[in-house]
Each structure stands twice: as structure tokens, then as C-alpha cells.
Amino acid sequence: MSHETPRRRPGHRPSRPEGAGLGKESGKGPERRPRLGPHPVEHGAEGAAGGSEAAGPASPRPLGGGRIEKVVLVGARASGKSTVGKELAWRLGWSFVDTDVGVAAVVGRAVGAFLAEHGEAAFRAVEAEVVDDALRHPNRAVVALGGGAVTIDAVASALRSLPVLVVWLEAPVAELVRRLRADPIQRPPLTDLPLEEEVRALLARRAARCEALAHIRLETFPANVDACCASLLATIQPLLTGS
């Protein structure tokens, strides 16, 4: 599994990841504050902490005790997991892991090509192993999961049991469709539905699992990546420094 680790020298701040825009686009976009769901509760506490202005689960999943080793980003394709994840890892000084990249390395070809040829079941089997390796790697890291990874029972179990903080990234259907159409990396469809209908169907199918697993939910539209990371850091830094 490849872990991208920021290299730091005394007095030197590493360059930021390329591409500041969400949805794998360049440019920073308007400076808009993202809507952040309720803050996670304190370590070992019961119930929810105070909510924010954003829509989110009334009782976010409580964190267990111990040192947080990973921040794991979940959400639909094009919700901004890779873009936000790279920037967040850079700001934290942690490694960044994109499990789709890990799957491609294991199968020796592009993820879309493997999925088209071998089908979703074979893809999920490889993905489960790659995600497990990423979550159990000893380095502290920000890990971006593929959109359907949360549907794998073994992945969901690991996210519940390991010392990780799960952040669910969301965006409106129209914005997800726009980003997908603009993405130069075209993936094969997972259903026979037109793109917008497929996005809606997959969101509906995966929403309950994401909500059950997430400690925080973050809307990545219309905010840009800088605003998203600033809001996340303000929320998670007290937890990370105290772990």
C-alpha cells in the first residue's frame, strides 16, 4: 500500500497538493464556508455534542477512547474525498492514502477497466483487502475510501472497531453529476440507469451505512477545499492533540 507522506525540512513548508478545486478540478472557487454536521463527542462520552448550523445526524457516532490513527473520508464519487483528503493530510503533516489508487496497484490496471471486465463483486473483494491494509498501517494518515467501500461489511466493521475518525463528505446530486461529467477519469456505470438516476440510487442505497459510521458529516458544496479543511481542522484538532 502506498502512503504519500509529506516531506518536511527544518524551516521548509512542503508545497500543497496540486488542484485546489473539488471534484478533481483546478481553481479554488468562491470562498464559502462549508456546512459542517454536529461535532463528534468527547472520547468515551455518551450521546451527542452540541450541533452546528448544518443538517446532520442528531446523535453523531461517539468516538472511543485512545489515540486517533486515521481520519477516514467516505462519501459518493466526486464528493471531494481525494481533493479534501490530500489537502487535509498536508495540513496535518500526515500521510495520504487513496484506496482506489491502492486497488489499481494491486490489480495492475486502472480501476475502471478492472471493474468493467471483472464486475463489482471481484472489485469489492480486492477493495476490502486494500482498505483493511490502509486502516491497519501504523502511520497516521488521512484515508479516502471509494464510494462503495462502506457497503462492504468487513470495512464497516473495521471502521467501527479501529481508532479512526470517519468524515462523511456530501454534495447535491446536481453537483456530483457535474463533477463526474467534468472528471477526465471516466468510470464504468454500476447500474443500467442514466448518470443522474444512478447517482441518486447509489446515494439512497449507501446513505444509511454512511450515517451509521460517520462521526462528522461535511457538505463540500458550495465551499472550496480550503474552507472545507479549515472547518474540519477546527473540529478535529482538539481530538487529535488530545489523543
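A. Spotlight on helix 1 (residues 81–92). Look at helix 1: 16 Å from first C-alpha to last across twelve residues, which is about the 16 Å you get at 1.5 Å a residue. Counting buried positions along helix 1 gives ten out of twelve residues, so the element sits mostly inside the fold. In the stretch just after helix 1, Gly93 is the one whose phi turns positive, near 75 degrees.

B. Here's a closer look at the nonpolar core. Of all hydrophobic cores here, the largest spans 27 residues; its most connected members are Val71, Val84, Leu88, Val142 and Val167. When contributions to this core are tallied by element, the ones reaching two or more residues are strand 1 (70–75), helix 1, strand 3 (141–144), strand 4 (164–170), strand 5 (216–219) and helix 8 (225–241). It is helix 8 that contributes the most residues to this core, nine residues altogether. If near-sequence neighbours (up to four positions away) are discounted, Val167 is found in contact with Val71, Val72, Leu73, Val74, Ile216, Leu218 and Leu232.

C. Here's a closer look at the sheet that holds strand 3. What the five strands build is an open sheet, ordered 2-3-1-4-5; its pairing is parallel. The outermost strands of the open sheet, each flanked by one partner alone, are strand 2 (95–98) and strand 5. Put simply, the sheet's adjacent strands are angled 20 degrees from each other on average, direction ignored. Inspection of the sheet shows strand 4 paired to strand 5 by four bridges, in the parallel sense. Of the residues in strand 5, the one forming a bridge with Trp168 is Arg217.

D. Spotlight on the pattern of salt bridges. Tallied over the entire structure, the rule returns 13 salt bridges. Here Glu120 ties to Arg124 by a salt bridge, and the two come within 3.0 Å at their closest N and O atoms. A residue pair is termed a helical-turn pair when its members lie 3 or 4 positions apart in one helix, as Glu120 and Arg124 do in helix 4 (residues 120–136) at four residues. Given a relative accessible area of 32%, Glu120 falls into the partly exposed group. Residue Arg209 is joined to Asp153 by a salt bridge in which the shortest nitrogen-to-oxygen separation is 3.2 Å.

E. Fine view of the confidence of the model for the chain. Put simply, the chain has an average pLDDT of 81, and 72% of its residues get 70 or more. Considering only residues more than four positions removed or in separate chains, one finds that residues 38–59, a stretch of pLDDT under 50, has 53 contacts.

F. Highlighting the state of the cysteines. The full count for this structure, using the stated rule, is zero disulfides. Here Cys228 stays free of any disulfide, with the sulfur of Cys229 as its closest cysteine sulfur at 6.8 Å.

G. Quick look at the environment of Ala105. Within the fold, Ala105 resides in helix 2 (residues 99–107). With relative accessibility at 64%, the residue Ala105 sits in the exposed group.

H. View of helix 7 (residues 195–213). The end-to-end C-alpha distance of helix 7, which contains 19 residues, comes to 26 Å, matching closely the 27 Å that a straight helix rising 1.5 Å per residue would cover. Of all bends in helix 7, the biggest is about 45 degrees, found at Arg206. Restricting attention to buried positions, one finds in helix 7 the residues Glu198, Val199, Leu202, Arg206, Cys210 and Leu213. Along its buried surface, helix 7 packs onto strand 1, helix 4, helix 5 (153–161), strand 4 and helix 6 (173–182).

I. Quick peek at the packing of helix 6 against helix 7. Direction vectors running N to C along helix 6 and helix 7 enclose 125 degrees, while the axes themselves pass 10 Å from each other. Put simply, helix 6 runs oblique to helix 7. Of the two possible hands of crossing, helix 6 and helix 7 adopt the one that is right-handed. Here Val173, Leu176, Val177, Leu180 and Arg181 of helix 6 lie close against helix 7, whose contacting residues are Leu195, Glu196, Val199, Arg200 and Leu203.

Scoring rules and cut-offs
All residue numbers refer to positions counted from 1 along the written sequence of the respective chain. Where local features are concerned, this predicted model is filtered to residues with pLDDT of at least 70; where side-chain atom pairs are given and counted, the filter is 80 or more; whole-chain, interface and lining totals use all residues. Values shown for side chains rest on all heavy atoms present in the structure; no hydrogens or waters enter the calculation. By definition, any uninterrupted DSSP run of H or I lasting at least four residues is a helix, any uninterrupted run of E lasting at least two residues is a strand, and each is numbered from the N terminus. The length a helix should cover is 1.5 Å for every residue beyond the first. Per-residue accessibility, obtained with a 1.4 Å probe over protein chains only, is compared with the maximum for each type, and a residue is labelled buried under 20%, exposed over 50%, and partly exposed between these values. By convention a nonpolar core is built from buried Ala, Val, Leu, Ile, Met, Phe, Trp, Tyr and Cys residues, the set being connected through side-chain atoms within 4.5 Å. Residues are treated as being in contact if the distance between any of their heavy atoms lies within 4.5 Å. The criterion for strand pairing is that DSSP finds at least two bridges linking the strands in question. Lines are fitted to the C-alpha atoms to define the axes, a helix being fitted only along its stretch in contact, and any angle between axes, read from their N-to-C directions, falls within 0 to 180 degrees. Any carboxyl oxygen of Asp or Glu within 4 Å of a side-chain nitrogen of Lys or Arg constitutes a salt bridge here. Across the chain, each position has a pLDDT score giving the predictor's confidence in that residue, from 0 to 100. Criterion for a disulfide: a pair of cysteine sulfur atoms within 2.5 Å. The reported bend at a residue is simply the angle between two axes, fitted to the 7 residues ending at it and to the 7 residues beginning with it. Comment on the angle field: the value is read as roughly parallel under 35 degrees, roughly antiparallel over 145, roughly perpendicular from 65 to 115, and oblique elsewhere. Whether a crossing is left-handed or right-handed is set by the direction in which the near helix is turned from the far one by less than a right angle, anticlockwise for left-handed and clockwise for right-handed.

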